[in-house]
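The primary structure of each chain is shown beneath.
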There are 2 protein chains.
Amino acid sequence: MGFPANCTFPLTKTHTAEAMLVHDLTRHDCIEFLTRKRLGRLGCARDGQPYITPFFFAFEADALYSFSTHGQKIAWMRSNPLVCVETDDIETPQKWTSVVVFGRYEELPDTPEFEASRRSAYALLQQRPQWWEPGYVRTVLHGAERPLELVYFRIQIGAVSGHRAMP
Amino acid sequence: MGFPANCTFPLTKTHTAEAMLVHDLTRHDCIEFLTRKRLGRLGCARDGQPYITPFFFAFEADALYSFSTHGQKIAWMRSNPLVCVETDDIETPQKWTSVVVFGRYEELPDTPEFEASRRSAYALLQQRPQWWEPGYVRTVLHGAERPLELVYFRIQIGAVSGHRAMP
């Protein structure tokens with residue numbers, strides 16, 4: 001790999017270039033964006049180490065609903081319920097929308113108390129059936145079928161922020 | 001929103017469904033994937049709260065190079081250098097590849113000591129010029145131009161893991 005011998009930009013601190021307009025989204029705009037999206041990235045943290053996985057969700061009433069098989073993500077969120085969800089539309093580095101949620105993990109266990117919430121999650125997640133066909137929840141890892149028990153959860157939305165950039 | 005009255009799947013724990021094969025990627029496969037990708041999500045954490053932003057990067061040796069204007073992300077990574085980078089190709093919930101890096105934030109300050117690293121970062125980031133045109137680094141936020149001073153950094157890759165799912 002060659003380094004440009006006369007490289008001065010953007011190593012210098014001043015330059016003239018086309019502007020990219022970045023503006024904040026209102027909470028209403030952020031919620032509208034979350035309502036339309038299904039794919040996001042879920043971040044959790046343990047002992048200062050963040051961990052990100054892609055995940056699919058459905059929004060309803062100040063919460064994002066999802067489910068997962070057991071694994072590292074669930075273990076970490078059980079030990080620290082502070083999570084972050086990021087979802088975006090990125091066309092180019094100059095044209096994008098990104099919404100970030102700071103939220104709290106809340107499990108929806110398979111008990112009578114949470115049955116209504118689990119049904120709600122399931123119904124929401126079914127609204128785009130092509131994304132939620134049964135195959136999603138039956139996986140084979142290392143040649144062995146993974147446990148089929150699912151963990152349903154929701155992320156209670158706390159702070160939400162969003163930005164949109166335009167060339 | 002209606003809840004299905006007779007909804008039993010996937011609320012039940014057993015079912016028969018098509019399998020999705022999920023297999024681990026080798027470290028070599030993960031690195032090859034990182035080499036091809038430019039867009040990822042960068043996670044940092046402060047006081048147990050994770051924070052995710054989309055970011056663009058370039059891989060070389062055992063590090064991911066990038067830059068950013070000043071902001072929350074940089075402040076958090078300065079206070080806690082433990083970060084996570086996730087990058088993926090997601091076609092459907094049944095067909096995807098995801099690679100996760102646990103790494104350490106390392107700033108490349110504008111000093112003689114780091115000039116070579118900054119040149120390296122710049123050259124790498126220029127390899128797909130359509131993603132790195134100057135407009136990216138000049139932004140207008142809240143009607144005021146943001147400071148143009150850029151923070152160059154790299155993520156030193158520690159653990160890396162990857163999974164690929166196929167229907």
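Draft legend 1. Local environment of the overall build of chain A. Counting its regular elements, chain A contains three helices and ten strands. Of the regular secondary structure in chain A, the N- to C-terminal order runs β-α-β-β-β-β-α-β-β-α-β-β-β. A separation threshold of at least 6 residues defines the contact pool for chain A, and within that pool the share at least 24 residues apart is 70%. Accessible area of chain A: about 7,500 Å², with a carbon and sulfur share of 53%.

Draft legend 2. Region of the structure containing the nonpolar core. Among the nonpolar cores identified, the biggest contains 56 residues, and L34 of chain A together with L34 of chain B are the most heavily contacted of them. Those residues in contact with L34 of chain B that lie beyond four places of it in its chain are F57, F59, T87, V99, V101, I157 and V160 of chain B.

Draft legend 3. View of the pairing of strand β3 (residues 49-56) of chain B. All names here are of chain B. With respect to burial, β3 is a largely interior element, eight of its eight residues being buried. Relative to β3, strand β2 (residues 39-46) runs antiparallel, the two being bridged by eight bridges. Across the sheet, residue C44 finds its bridge partner in β3, namely Y51.

Draft legend 4. View of the environment of T111 of chain A. Mapped onto the elements of the fold, T111 of chain A is located in the loop between β7 (95-107) and α3 (115-125). With 59 residues separating them in the primary sequence, T111 of chain A and I52 of chain A have C-alpha atoms 28 Å apart.

Draft legend 5. Geometry of the side chain of R118 of chain B. Inspection of the secondary structure assignment puts R118 of chain B in helix α3 (residues 115-125). On the accessibility criterion, R118 of chain B (5% relative accessible area) is buried.

Draft legend 6. Expanded view of the confidence of the model for chain A. All names here are of chain A. A residue-level look at chain A finds 75% of positions with pLDDT of 70 or above and a mean pLDDT of 81. With pLDDT under 50 throughout, residues 1-18 is counted as low confidence; its partners more than four residues away or in other chains account for 37 contacts. Here residues 132-137 is a poorly scored stretch, pLDDT under 50, and it has 23 contacts once near neighbours within four places are set aside; other chains count. As a predicted assembly, this complex carries a pTM of 0.83 together with an ipTM value of 0.83.

Draft legend 7. Quick peek at helix α1 (residues 27-36) of chain A. All names here are of chain A. Among all positions of α1, only C30, I31, F33 and L34 are buried. One side of α1 carries all its buried residues, which in axial view fall inside an arc of 160 degrees. Buried-residue contacts for α1 involve β4 (58-60), β5 (63-69), β6 (82-92), β7 and β10 (150-166).

Draft legend 8. Representation of the pairing of β2 of chain B. All names here are of chain B. Burial runs high along β2: six of the eight residues are buried. The antiparallel pairing of β2 with β3 creates a hairpin that spans two residues between the two strands, and D47 there sits at a positive phi of about 50 degrees. Two strands pair when backbone bridges link them, and β2 and strand β6 (residues 82-92) are joined in this way by three bridges, in the antiparallel orientation. Considered in β6, the bridge of L42 is made with V85.

Draft legend 9. View of the state of the cysteines. All told, the structure shown has zero disulfides over all chains when counted by the stated rule. Distance from the sulfur of C44 of chain B, which forms no disulfide, to the nearest cysteine sulfur (C84 of chain A) is 8.5 Å.

Draft legend 10. Structural context of the pattern of salt bridges. Summed over the entire model, instances satisfying the criterion amount to 19 salt bridges over all chains. E86 of chain B is the salt-bridge partner of R41 of chain A, the closest N and O atoms lying 3.7 Å from each other. Taken together, the residues span two chains, with R41 of chain A in strand β2 (residues 39-46) and E86 of chain B in strand β6. Note on E86 of chain B: relative accessible area 0%, which makes it buried. In the salt-bridge network here, residues are joined through shared partners; they are R41 of chain A together with E86 and D88 of chain B.

Draft legend 11. A look at the packing of aromatic side chains. Residue and element names in this part refer to chain A. Within the structure shown, the criterion is met by twelve aromatic pairs over all chains. Both rings, one in F67 and one in Y152, keep their centres 5.4 Å apart while their planes meet at 40 degrees; by these two values the pair is tilted. Taken together, the residues F67 in strand β5 and Y152 in strand β10 connect sequence positions 85 residues apart. A relative accessible area of 6% places F67 in the buried class.

Draft legend 12. Focus on helix α2 (residues 72-79) of chain B. Within α2 of chain B, the full set of buried residues consists of K73, I74, W76 and M77 of chain B. On an axial view of α2 of chain B, the arc spanned by its buried residues comes to 165 degrees, and they lie on one face.

Draft legend 13. Up close: unusual backbone geometry. Residues and elements named next belong to chain A. Positive phi outside glycine occurs at D47, with the angle close to 50 degrees. By the element assignment, D47 lies in the loop between β2 and β3 (49-56). Its relative accessible area of 75% is what places D47 among the exposed residues. The phi torsion at D62 lies on the positive side, around 65 degrees, for a residue other than glycine.

Draft legend 14. Looking closely at the side chain of S66 of chain A. Residues and elements named next belong to chain A. By the secondary structure assignment, S66 is in strand β5. A polar atom in the side chain of S66 sits 2.6 Å from the backbone oxygen of F56. Setting aside its immediate chain neighbours within four residues, S66 contacts F55, F56, F57, L125, V151, Y152 and F153.

Calculation rules
Residues numbered from 1 in each chain as written. Chains lettered and ligands numbered in written order. Predicted model: local features only at pLDDT ≥ 70, side-chain atom pairs only at ≥ 80, totals over all residues. Heavy atoms only, no water. Helix = DSSP H or I, 4+ residues; strand = E, 2+ residues; numbered from the N terminus. Contact = heavy atoms within 4.5 Å. Areas by Shrake-Rupley, 256 points an atom, 1.4 Å probe, with all protein chains shown as cover. Core = buried A, V, L, I, M, F, W, Y, C linked by side-chain atoms within 4.5 Å. Buried < 20%, exposed > 50% of the residue type's maximum accessible area, 1.4 Å probe, protein only. Pairing = 2+ DSSP bridges. pLDDT = per-residue confidence, 0-100. Arc of directions from axis to C-beta. Disulfide = S-S within 2.5 Å. Salt bridge = Lys/Arg side-chain N within 4 Å of Asp/Glu carboxyl O. Phe/Tyr/Trp six-rings, centres within 6.5 Å; stacked < 30°, edge-to-face > 60°. Polar contact = N/O pair within 3.5 Å; in protein donor to acceptor, adjacent residues only side chain to side chain.

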